[in-house]
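Chains, contacts and geometry: an overview
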Amino acid sequence: VQLQASGGGLVQDGGSLRLSCTSSVRTSNMRAMGWFRQAPGKEREFVAVIKPSGGNTYYADSVKGRFIISRDNAKNTVYLQMNSLKPEDTAVYYCAASQSVIQSAMRDPKAYARWGQGTLVTVSS
């Protein structure tokens, strides 16, 4: 499984960006696909996850109400729509996929075996 992330860039405080993550295999075969981020000097942290088959979504408290994760299984792509961006959202964003992650571990980056290359999001104040 290969994941290709794209869509990062420089945006002003309050702006929006949409990230995409395209999989080389069917997203409908994945138990979960998620977005994580890592800011300089910090650990990688959970942002959002979606179950491609049923569409269930889960969010970190820090992005709830601002970010939306979605998927298009016909395109094998998962999206992260980021609205009302803040400088503290600045990070490298990674998409991840797992065929076996259990519900209780979906927010743990260690539970994901497949990762995209990361895309940088910079929010200026």
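One can find the structure itself at the top, above this paragraph.
Summarised in this report is the structure supplied together with it. (Residues numbered from 1 in each chain as written. Predicted model: local features only at pLDDT ≥ 70, side-chain atom pairs only at ≥ 80, totals over all residues. Heavy atoms only, no water.)

**Observations concerning the sheet that holds strand β8 (residues 77–82)**
Taken together, the 4 strands give an open sheet; going across it, the order is β1-β3-β8-β7, and neighbouring strands pair in antiparallel fashion. Each having just a single partner strand, β1 (3–6) and β7 (67–72) make up the two edges of the open sheet. Each strand of the sheet is rotated relative to its neighbour by a mean of 15 degrees, with strand direction disregarded. The pairing of strand β3 (residues 17–23) with β8 spans 6 bridges and is antiparallel. Within the sheet, the bridge partner assigned to Cys21 lies in β8 and is Val78. (Pairing = 2+ DSSP bridges. Helix = DSSP H or I, 4+ residues; strand = E, 2+ residues; numbered from the N terminus. Axes fitted to C-alpha atoms, helices over the stretch in contact; angles between N-to-C directions.)

**As for the environment of Ala74**
Tracing the chain through its elements places Ala74 in the loop between β7 and β8. Separated by 46 residues in the primary sequence, Ala74 and Ser28 have C-alpha atoms spaced 8.8 Å apart.

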